[in-house]
Amino acid sequence: MGIQLSVTPSQTTCGAGDQNLFSSIYPMLSQQLPREPMEWRRSYGRAPKMIHLESNFVQFKEELLPKEGNKALLTFPFLHIYWTECCDTEVYKATVKDDITKWQNVLKIHSSMDWLIVVVESDAKKKNKTNILHRTSIVDKIRNDFCNKQSDRCVVLSDPLKDSSRSQESWNTFLTKLRTLLLMSFTKNLGKFEDDMRTLREKRTEPGWSFCEYFMVQEELAFVFEMLQQFEDALVQYDELDALFSQYVVNFGAGDGANWLTFFCQPVRSWNGLILRKPIDMEKRELIQNQEATLLDLRSYLFSRQCTLLIFLQRPWEVSQRALELLHNCVQELKLLEVSVPPGALDCWVFLSCLEVLQRIEGCCDRAQIDANVSHTVGLWSYATEKLKSLGYLCGLVSEKGPNSEDLNRTVDLLAGLGAERPETANTSQSPYKKLKEALSSVEAFEKHYLELSHATIEMYTNIGRIRSAKLVGKDLAEFYMRKKDPQKAEVYLQGALKTYLAEGWALLITHTRKQLAECQKHLGQIENYLQTSSLLAGDSHLTEEEREYFCQEIFNFASQQAESQGQKVILAMHSFAQLKNLHFDPSNAVVHVGGMLSVELTLLSQMPIPVEVEQIAINVHFSIEKNSYRKTAEWLTKHKTSNGIISFPSEVASFPSRNNLPALELYEMYERSPSDNSLNTKGIICKNVHMLLRRQESSSSLEIPMGLALDDGAHMLKCSNLILKPGVNKITFRTQAKEPGTYTLRQLCTSVGQVQFVLPHIYPIVQYDVYSQEPQLKVEPLTDSLLAGIPQKVKFTVTTGHYSMKNGDALQLSNADAMPVLYSSDSKAVIYSNSREMISESSLMIQSSEKITSISLPMAPAYHVVEFELEVIYLPSTPTTTVENENVVNKELHRKSKEKQNPDNCMATVDQKVTIDCPWSIYSTIIALTFSIPLKAKHSLLSAGKRKYVQVCVQNLSEISFQLSDSNLKNHGECTDLQLEPLNSSSQQHIYSKQAVFFVWELKWTKELPPSSPCQFSVNFCPAPSEEQLLSLKPYIYEFQVENFFTLYNVKTDIFPPLGTEYCKTGSLCSLEVSITRLSDLLDVDKDEALTESDGYCTTKLMYEVVDNSSNWAVCGKSSGVISMPVAARATHKVHMEVMPLFAGYLPFPDVRLFKYLPHHSAHSMQLDADSWIENDLSVDKNMDDQADNSSVKSRGSLHSATSGEHKGLPMPRLQSFSSGQVFNSSSGMQILVIPSKDDHILEVNVT
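The name given to the chain in an unreviewed UniProt entry is Trafficking protein particle complex subunit 10, with Sphenodon punctatus as the source organism. In UniProt, the chain has this text filed under Subcellular location (unreviewed entry): "Golgi apparatus".

(A) Broad picture of unusual backbone geometry. Cis geometry is found at the peptide bond from Asp 586 to Pro 587, where omega equals 10 degrees. Residue Pro 765 follows Tyr 764 across a cis peptide bond; omega there is 5 degrees. Relative to the helices and strands, Pro 765 is located in the loop between β18 (756–760) and β19 (767–772). If you check the backbone angles, Gln 291 has positive phi at about 60 degrees while not being a glycine. Examined against the element boundaries, Gln 291 turns out to sit in the loop between α8 (282–289) and α9 (295–312). If you check the backbone angles, Tyr 864 has positive phi at about 55 degrees while not being a glycine.

(B) Layout of a nonpolar patch on the surface. Taken together, the side chains of Leu 665, Leu 667 and Ile 685 present a nonpolar region at the surface, about 330 Å² in accessible area. With respect to the helices, strands and loops of the structure, Leu 665 is situated in the loop between β12 (646–648) and β13 (667–673). The exposed category is assigned to Leu 665, whose relative accessible area is 53%.

(C) Structural view of the sheet that holds strand β51 (residues 1224–1226). Read across the open sheet, the 5 strands follow the order β45-β47-β42-β40-β51; overall the sheet is mixed. Two strands bound the open sheet, and with one partner strand each, they are β45 (1114–1117) and β51. The average undirected angle you get between the axes of adjacent strands in this sheet is 30 degrees. Sheet topology places β45 next to strand β47 (residues 1133–1142); 4 bridges connect them, and they run antiparallel. Along β47, the bridge assignment pairs Cys 1117 with Glu 1139.

(D) Region of interest: the packing of aromatic side chains. The final tally for this structure, using the stated rule, is 36 aromatic pairs. Each ring, one from Trp 209 and one from Tyr 214, has its centre 5.7 Å from the other, and the planes form 40 degrees; the classification is tilted. For the pair Trp 209 and Tyr 214, a shared accessibility class is recorded, and that class is buried. Residues Trp 260 and Phe 264 carry aromatic rings whose centres are separated by 6.1 Å and whose planes lie at 90 degrees to one another, so their mutual orientation is edge-to-face. Judged on exposure class, the residue Trp 260 and its partner Phe 264 are both buried. The cationic tip of Arg 153 hangs over the ring face of Trp 115; the distance from NZ or CZ to the ring centre is 5.9 Å.

(E) Local environment of the packing of helix α7 (residues 231–253) against helix α10 (residues 316–336). For the pair α7 and α10, interaxial distance at closest approach is 10 Å and the crossing angle is 30 degrees. When the axes of α7 and α10 are compared, the pair comes out roughly parallel. Our pair here, α7 against α10, has a crossing hand that is left-handed. Residues Leu 235, Asp 239, Phe 245, Ser 246, Val 249, Val 250, Phe 252 and Gly 253 of α7 lie in contact with α10, whose contacting residues are Arg 322, Glu 333 and Leu 336. Taken together, the residues of the contact of α7 with α10 break down into 6 nonpolar, 2 polar and 3 charged.

(F) Expanded view of α8. Within α8, the full set of buried residues consists of Lys 284, Arg 285 and Ile 288. All buried residues of α8 fall inside an arc of 105 degrees around its axis, so they share one side. Tucked inside the fold, the buried residues of α8 contact α6 (211–227) and α9. The first or second residue beyond α8 is Gln 291, which carries a positive phi of 60 degrees.

(G) Looking closely at the pairing of strand β34 (residues 963–972). Examined bridge by bridge, β34 and strand β36 (residues 990–992) share 3 bridges and lie antiparallel to one another. From the neighbouring strand, Leu 965 faces β36, where its bridge partner is Gln 990. In this sheet, strand β38 (residues 1013–1024) lies alongside β34 in antiparallel orientation, the contact comprising 8 bridges. Bridge pairing in β38 links Asn 972 to Cys 1016.

(H) Seen up close, the sheet that holds β38. Here 4 strands make up an open sheet; going across it, the order is β36-β34-β38-β39 and the pairing antiparallel. Unpaired on one side and paired on the other, β36 and β39 (1037–1044) mark the two borders of the sheet. On average, each strand axis in the sheet is tilted by 35 degrees relative to the strand beside it, whichever way the strands run.

(I) The arrangement of the packing of helix α18 (residues 487–504) against helix α19 (residues 507–524) in detail. Here α18 crosses α19 at 150 degrees, and the two axes come no closer than 9 Å. Classified by the angle their axes make, α18 and α19 are roughly antiparallel. Here the hand of the crossing between α18 and α19 comes out left-handed. Contacts between α18 and α19 pair Pro 487, Gln 488, Ala 490, Glu 491, Leu 494, Gln 495, Ala 497, Leu 498, Tyr 501 and Leu 502 from the former with Leu 509, Ile 510, Thr 513, Arg 514, Gln 516, Leu 517, Cys 520, Gln 521, His 523 and Leu 524 from the latter. In terms of residue class, the contact of α18 with α19 is built from 12 nonpolar, 6 polar and 2 charged.

Procedures and definitions
- Think of each chain on its own: its residues are numbered from 1, step by step along the sequence as written.
- Selection of residues for local features in this predicted model requires a pLDDT of at least 70, selection of side-chain atom pairs for listing and counting requires 80 or more, and totals for whole chains, interfaces and linings are taken over all residues.
- Values shown for side chains rest on all heavy atoms present in the structure; no hydrogens or waters enter the calculation.
- UniProt positions are given in the numbering used here, feature names are shortened, and annotations may be inferred rather than shown by experiment.
- Secondary structure elements follow DSSP: runs of H or I no shorter than four residues count as helices, runs of E no shorter than two count as strands, and numbering proceeds from the N terminus.
- What goes into a patch is any residue over 30% in relative accessible area without a salt bridge, connected to like charges within 9 Å or, for nonpolar side chains (Val, Leu, Ile, Met, Phe, Trp, Tyr), within 5 Å.
- Only the protein chains shown count as cover for residues, and the accessible areas themselves come from Shrake-Rupley with a 1.4 Å probe.
- Here a salt bridge means any side-chain nitrogen of Lys or Arg lying within 4 Å of a carboxyl oxygen belonging to Asp or Glu.
- The buried label goes to any residue with under 20% of its type's maximum accessible area, the exposed label to any with over 50%, and the partly exposed label to all in between, with areas taken from a 1.4 Å probe on protein chains only.
- When DSSP finds two or more bridges between a pair of strands, those strands are recorded as paired.
- Angles shown run from 0 to 180 degrees and are taken between the N-to-C directions of axes, each axis being a line fitted to C-alpha atoms and, for helices, limited to the stretch in contact.
- Two rings belonging to Phe, Tyr or Trp (six-membered ring only in the last case) form a pair when the distance between their centres is within 6.5 Å. Interplanar angles under 30 degrees mark stacking, angles over 60 mark edge-to-face geometry, and anything in between is tilted.
- The rule is short: NZ of Lys or CZ of Arg within 6 Å of the ring centre and within 35 degrees of the ring normal puts a charge over the ring.
- Here the angle decides the label: under 35 degrees means roughly parallel, over 145 means roughly antiparallel, 65 to 115 means roughly perpendicular, and every other value means oblique.
- A clockwise turn of the near helix away from the far one marks a right-handed crossing, whereas an anticlockwise turn of less than a right angle marks a left-handed crossing.
- Residues are treated as being in contact if the distance between any of their heavy atoms lies within 4.5 Å.
- Gly falls in the polar group here, along with every residue not listed as nonpolar (Ala, Val, Leu, Ile, Met, Phe, Trp, Tyr, Cys, Pro) or charged (Asp, Glu, Lys, Arg).
- Here the arc refers to the set of directions running from the helix axis out to each C-beta atom.

Given below as structure tokens:
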């Protein structure tokens, strides 16, 4: 017997043997086989899947075996099973063995290698026969005879009809083996089928290749996957067929067509839409198989199969998406293949297909799912609405008079192409066929169905937030209402669409919608709205010149009609008529005085296509007076205004508002290459931020520019009449004379054309000009950074006339100051400038001077002008008596202040000089202050050479210019006339440069005893270098100082002697240092202090000496300081010896020897300590003094710092007092001695000074 096993993957098996035996087992076998899943592993790395095998058994017949070249997979026998329950050896040898041999020989002839022998064991047969061999003997014989190399091809099924554990175990083993062999055979034959199918597909470029034949082969593979419930794999097969056919159609459109495509280029004679209610449309499949199908037949069948599989996969929303793509692609493919389609046939096919898909989805989904997934189906609703509208227009169902005979004939032809209604929808009241037939039956029925579809589509689009699409459908509705002569309803949809397009900037859509809206407004008699829309269209560059001129003429016609009838004025927005580009003020700072002229130049960009005669252009100006505005001068206003006087306005397209808030367009190139040879397939441009650009902008305010108010014909208005505005840029100039001071703001701009006014309600950014009324002012300022005393300096006088007009005889009266005379020059000129700094005239300056008043005659000048002139003044820093004293006071005060600032060397002393000026426009005097800097600074020092004394005066130039110095002089102003000052300076002039110094020296000579202090006065004449001609006798620079304690009291001499027996001092060897202190004069007044001791007419004083080497050349051995008692008598000498050691070789300078007055601790004035007389704590005093009597007081001085001796706490301590400069002369200062290095030194260090 033969068994054909049909499994979900469309597998086939044939069997032979005992038919009665198989019939008894079949019910249980067919029930048990699909229960357990099997893992199906496929080739090419595809993921494994779990499948259930369902079988269908047929009797073995040789004619069922596949013939050579048969590619049928559905009827292929995958496994052949031989059933037997023979348990007798004789019977096996006589019949069974031969039967199996014949069975296998037939399989070998047909190259079928998948077979299985099943031996069924039954206990009932064993009881009926006595000579029965054991079961294994028959099985062994069969295996030896037929299964030598494939022992697993023979299995035993024990007592299959019994309910026992042994029987169940036998069943499980048998079913596992059967599933395994069956799946192995199916996988092998499926792979061979796929290879054959690929081979067939690769031959598609050969002549004679047929797409329909290949379609049937790959669809059989899809059927196999579908029977296996692998719907995804089955869908892939149909998608590959879809893509292959689409590619051929695209190539055909590019000129590379295949021969078999001619079968699909037949004229379309049937357009009954998609059929989705059958799993398989056998009628269209047969047409494809016979190569008689049209393009619509192939696409309909292919999509119906895809739809079925998607429904199985529970992806109904993908059905709607694919359906929309299919319908659009079919329309394009018919054009590419140049298929003849009757007018309206394709619209009928699309309409029926859309409704069929929608009803198919509704059949497998509940209402809640449908409402939640409207976004997937709304496209089909919209497409169906569009096609129904096209059919209505084609069949004359939207015209005002209804369809004519030609329209009726066309409707009959379209309905005939639908054919008879399909049986599966005949009993459905709302089938697509019935809806289309009813919609085309009458005007009323069409309107009903079209409005239902349109309103439903708009509602769906609105619910899912696709406002643009909803407005697009609304535009179609508006067009429908306009054809039905119902503009009232059309306007609502057109306004809504226009608002959306304006918000998003769709220029072409805005233009198209406005054209429709203009027609609608004209029918409704909305004159103002129609004129506003017409002005927008007249300035729209997306229209042709003829269209723009037509709408422009509409405005002019209305304006002329209203002017004749004296009708009411119509106010329209300016932005559609013209654009304000920029504004220019003259003067440029937009500041003008009362009575001055101001001009305003506007640049208008006319949007009109033809020249326009304008009766008047007016600017409404708002006048305001700010608080304290009278205080604003021209100078203040100029600083707060733009310098160029040009104000630019943002350009805005008249069709829609500015979209500056939207991001920039991000465009990128896109390439798609072939994965096989990397060749370029497609190239395009994609926008990566389309979600930002196409984002909906919610706004409750109107997007049209609001209407302005009519301009009041008031006083503050700028006008320009009888102009012609040409297309493009026009410049209009307004002129006005300033009257009242205040701020004027340009608020509105109005252009009048007959009774039509175009108004710009707000001029933005804010544009203002200022009118001021200014009081006369006088300003005096130096022409340099600082005025220098003692030399002529130029001062600039600026007279701002303000509202005052200078008359003949007006003059400035300056009160004379002795320290600052005005230098008059006949070349002095006065220059008159306008308020905008333009030079008007120039005149000579008349100056008259008396003892107390200097009069400066002013030239005649009108109001709001500026008079400027320059004069030279000189500040004399001193006078013979009073001024010198004042200057000294000032110098001392400035010196004190400079010392406080810690910058005494680099700053010049300053003096303020006040001048009182009487002006002709005021009864009050004006006081000005000029600050003069004294350019020179002097300081003195006392120099000594033994008893001879010298005074050195240093003069510093602190200014930035150079001077010539002459006539230097030093005088003694003391009571003593015996003091003589002998100059040691050159008598010629000396040049002193900027930031440099010059020194002057005098020797002091006397014959009699002088007082301790003597006042002196230094003076020197100076003038700028090179010397200029002097206009008057200049006063010299004067410096006063005191010379005190300048007598030499002591002479200090130092000698250094090498060690005995040597000629030179050596490094490291002790040398003898001798300090000789000699008194040069007898007792003087300066010696009479607490240090002086008198006994029997013999006077002594205590001195402290100290040897210090600041250059570290010598090491003082032993004590380096001490206190001596010095007789106060001429030529009295005291010598001190100590040892020093040279540290370096070379000519070394002598150590320094310092001398101080030593004031005892019992001094009556010791509690009033003078800080300046104390030596700093770092004084180099030897800390290892011994207890000798002459050092006891030094130790007492050291106790001041240690404060360790309790007996001296709170008691007056001894102190040191420095001598004044010149009282001690060091005659060894600057002397050097040669020091040679020691012989054993390895390193020679030489000190060079």
